[in-house]
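These are the residues of each chain, in order.
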Amino acid sequence: MPEEEFNPDRPICRRGIVARDMVNGMVYVRHRSFSSRIINRESWNFLQLCDGRDLERLGEAVADLLGFRLTQEQLKTSVREFADRGVFEGTNDGSRSYRICDATRVISQLSPLARRLASSWFAAITLLAFLACLVLLINDWVRFVDAVSAAARNRPFATLLLYYVTFIPIALLHELGHATVANFHGGEVPEIVINTKGHFAVITNMTVLKERQAKAWYLAMGSVVDVFVWLALLTAFHYSNSYLLLMFLLPQTIYFLIFSYSIFKNSDYLKFVCALLGEAVPADSWKFLRDSWSHSPKEPARQKLLWIMTVSLAVKLLVTVFLVWTFLKSGPWVLVLYLVYRIMVYIIGHWAIWRRRWAKPGARVPRLQPRNISE
C-alpha cells in the first residue's frame, strides 16, 4: 500500500507507533519508519491528536488537552518539527538511526558500577591513567608515526576502511558509559541503535540528571571509558607491532589529540565545562567567542568559560599544526588518506538524503537538526 502524502495542514501521525511510559512524564516511542526517541507526555498526546483534522480543529483539541490555546504559527512549528523527524505519514527522518536491541539488560548489569566509580579516588585513578597514556604515546611516538606512515603507504584501502570501522565498537563503549550513569540515577535506557554513519548510539532518558554533579559525571563518563580503552591499546602497542592493533589505536589517538576537548558541534567536553560552571551551552561556539571577546563578560563563570574555550581552541590548532607538520615530513600520504576519509564520512552521513532527493525529484527533504541521540 503506497504511503499517504504528507499534508502540513492536516498531519496524520504514523500508525503502529510503539509507546512506553517512563519516569518524569517522558514517553519512549518507536516505529520502523523513524528513529526511536524519548519525548515528553505532552508531545505524545499532541501526536495522538494528529489524525488528519485541519489545524483549526487541531488547535481546539490541543487547547482542551493543555488548558491553553496555541497560535496557528506555534501549531505549524510543532508540525514542522515532527515532520522533520519522520513522525507523520508521508515524511522522512532526516537523521535516521536503526534499532539494534533493547539496552535495558546490558545497562542494568553495568549500572551498579556507577556507585563505585562516582568518587574522587576513581577520578584520581582516571587522571593517572590519562597521564600514563601521554607518557606511553611520547615514548613510542617515533615508532607510532613510522607505523602509521607505513600503513597508509603500503595498505591505503585497508587502512582507510579500518580507520572508520575500528572506532565503531569503541564509540559504543563510550555511549554505554554515558548511559550507565543515567541509569544509575533512575533514567531508562531502552535502546541501542546504529545511525546512517554506521556508528552505534544509545537512547537515554536524561531527565533524571537534575543536579549539576550528576550531569557533569554523565558527560564525563564517556571520556573516562575512552581513557582506559586508550591506555589498554597504547600498552599493547608498546609490546606489539600488529597492524590490526595499530588500526584500533590510530583513531583513538587522533580522537584524544584533536577531538576529545573540542568546543564545537555540541561536544561532551563543552557541555561538561558548562555543567560545572552552571552556564548554558553556546549554540554557536564561534559566535560566542567573537561576541565575548568584543564585549568582555562581567560574570565570573562566563569569563572562565570564555578562557577555557579559547585555550582549548588554541591547543587544538597547535596540535593539528604539529600533526600536519609531522606527517608532511614522515609520510604525506597519511594526510591525503585522512582527507579522503573526511570526504567519505561526509558522503556516508548524507547518502540517505541524497537517495530520497534522487528518488523523488522536487520532493521536500527534511532539514537536519543537530542533536545528540542520547538526549
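Now for a look at the structure at hand. For every chain, the first residue of the written sequence is number 1, and numbering continues from 1 onward in sequence order. With pLDDT at 70 or above as the cut-off, local features in this predicted model cover only qualifying residues; side-chain atom pairs require 80 or more to be listed or tallied, and sums for whole chains, interfaces and linings still use all residues. The basis for every side-chain value is the complete set of heavy atoms in the structure, and neither hydrogens nor water enter the calculation.

## Looking at the sheet that holds strand S2 (residues 26-31)
Alright, step 1. Pairing is antiparallel across the open sheet formed by three strands, whose spatial order is S1-S2-S3. Each of the sheet's edge strands pairs with one partner strand only, and the pair in question is strand S1 (18-21) and strand S3 (34-40). Pairs of neighbouring strands in the sheet enclose a mean axial angle of 15°, with direction left out of account.
Alright, step 2. The pairing criterion for strands is at least two bridges between them, as found by DSSP. Secondary structure is summarised from DSSP: a helix means a run of H or I of at least four residues, a strand means a run of E of at least two, and numbering begins at the N terminus for each. Note: S1 against S2, four bridges, orientation antiparallel. Following the sheet pairing, valine 18 is matched in S2 by arginine 30.
Alright, step 3. Note on contacts: a residue pair is in contact if any heavy atoms of the two residues lie within 4.5 Å. All axes here are fitted lines through C-alpha atoms, helices being fitted over the stretch that makes contact, and every angle between N-to-C directions spans 0 to 180 degrees. Contacts between helix H1 (residues 41-49) and the sheet are confined to S1, S2 and S3, with S3 contributing the most and set at about 120° to the helix.

## A look at the packing of aromatic side chains
Alright, step 1. Any pair of Phe, Tyr and Trp rings, taking the six-membered ring for Trp, is counted once the centres come within 6.5 Å. Such a pair is stacked with planes under 30 degrees apart, edge-to-face with planes over 60 apart, and tilted for the rest. If you walk through the whole model with that rule in mind, you get 20 aromatic pairs.
Alright, step 2. Measuring from centroid to centroid gives 5.7 Å for tryptophan 141 and phenylalanine 144, while their planes differ by 35°, and the two rings are tilted. Within this pair, tryptophan 141 and its partner phenylalanine 144 are both found in helix H7 (residues 141-154), separated by three residues, close to a single helical turn.
Alright, step 3. Each residue is assigned to one of three classes by its accessible area relative to the maximum for its type, calculated with a 1.4 Å probe on protein chains only: buried under 20%, partly exposed between the two thresholds, exposed over 50%. Owing to a relative accessible area of 2%, phenylalanine 144 belongs among the buried residues under this scheme.
Alright, step 4. Ring centres of tyrosine 163 and tyrosine 338 lie 6.3 Å apart, and the angle between their planes is 90°; on these two criteria the pair is classed as edge-to-face. Highlighted residues: tyrosine 163 in helix H8 (residues 156-165) and tyrosine 338 in helix H15 (residues 333-359), separated in sequence by 175 residues.
Alright, step 5. According to the relative accessible area criterion, tyrosine 163 is buried, its value standing at 11%.
Alright, step 6. Exposure remark for tyrosine 338: the relative accessible area of 28% places this residue in the partly exposed category.

## Some words on a nonpolar patch on the surface
Alright, step 1. Patches here are clusters of residues that have more than 30% relative accessible area and form no salt bridge, with a 9 Å joining cutoff for like charges and a 5 Å cutoff for nonpolar side chains (Val, Leu, Ile, Met, Phe, Trp, Tyr). The accessible surface values rely on the Shrake-Rupley method and a 1.4 Å probe; as for residues, cover is taken only from the protein chains in view. Salt bridges are identified by distance alone: a Lys or Arg side-chain nitrogen within 4 Å of an Asp or Glu carboxyl oxygen. A contiguous nonpolar patch, built from Trp293, Trp307, Val311 and Val315 and spanning about 410 Å² of accessible area, is present on the exposed surface.
Alright, step 2. Per-element tally for the nonpolar patch: the top contributor is helix H14 (residues 300-330), with three residues.
Alright, step 3. Locating valine 311 in the fold gives a position in helix H14.

## A short note on the state of the cysteines
Should the sulfur atoms of two cysteines be covalently bonded, the bond is a disulfide.
Alright, step 1. By definition, disulfides here are pairs of cysteine sulfur atoms that lie within 2.5 Å. Scanning all chains against the criterion turns up zero disulfides.
Alright, step 2. We note that cysteine 50 lacks a disulfide partner, and the nearest cysteine sulfur, in cysteine 13, lies 6.7 Å from it.

## Looking at the packing of helix H13 (residues 285-294) against H14
Alright, step 1. Where H13 contacts H14, the axes come no closer than 11 Å and their chain directions differ by 120°. Put simply, H13 runs oblique to H14. Considering how the two elements wind past one another, H13 and H14 form a crossing that is left-handed. Here Ser285, Trp286, Phe288, Leu289, Ser292 and Trp293 of H13 lie close against H14, whose contacting residues are Arg302, Leu305, Leu306, Trp307, Met309, Thr310 and Leu313.
Alright, step 2. Note that Gly is not counted as nonpolar here; it falls among the polar residues with everything else outside the nonpolar set of Ala, Val, Leu, Ile, Met, Phe, Trp, Tyr, Cys and Pro and the charged set of Asp, Glu, Lys and Arg. Residues belonging to the contact of H13 with H14 are distributed by class as follows: nine nonpolar, three polar and one charged. Roughly parallel means an angle under 35 degrees; roughly antiparallel, over 145; roughly perpendicular, 65 to 115; everything else is oblique. In this scheme the handedness of a crossing depends on how the near helix is turned from the far one: anticlockwise by less than a right angle means left-handed, clockwise means right-handed.

## As for the sheet that holds strand S5 (residues 191-195)
Alright, step 1. In spatial order, the strands read S4-S5-S6; together these three strands make up an open sheet with antiparallel pairing. In this open sheet, the two edge strands, each paired with only one partner strand, are strand S4 (97-101) and strand S6 (200-203). With direction set aside, neighbouring strand axes in the sheet form an average angle of 40°.
Alright, step 2. By the bridge criterion, four bridges tie S5 to S6 in an arrangement that is antiparallel. Directly across from glutamate 191, in S6, lies its bridge partner isoleucine 203.
Alright, step 3. Each of S5 and S6 touches helix H9 (residues 167-184); the most contacted strand, S6, lies at about 15° to it.

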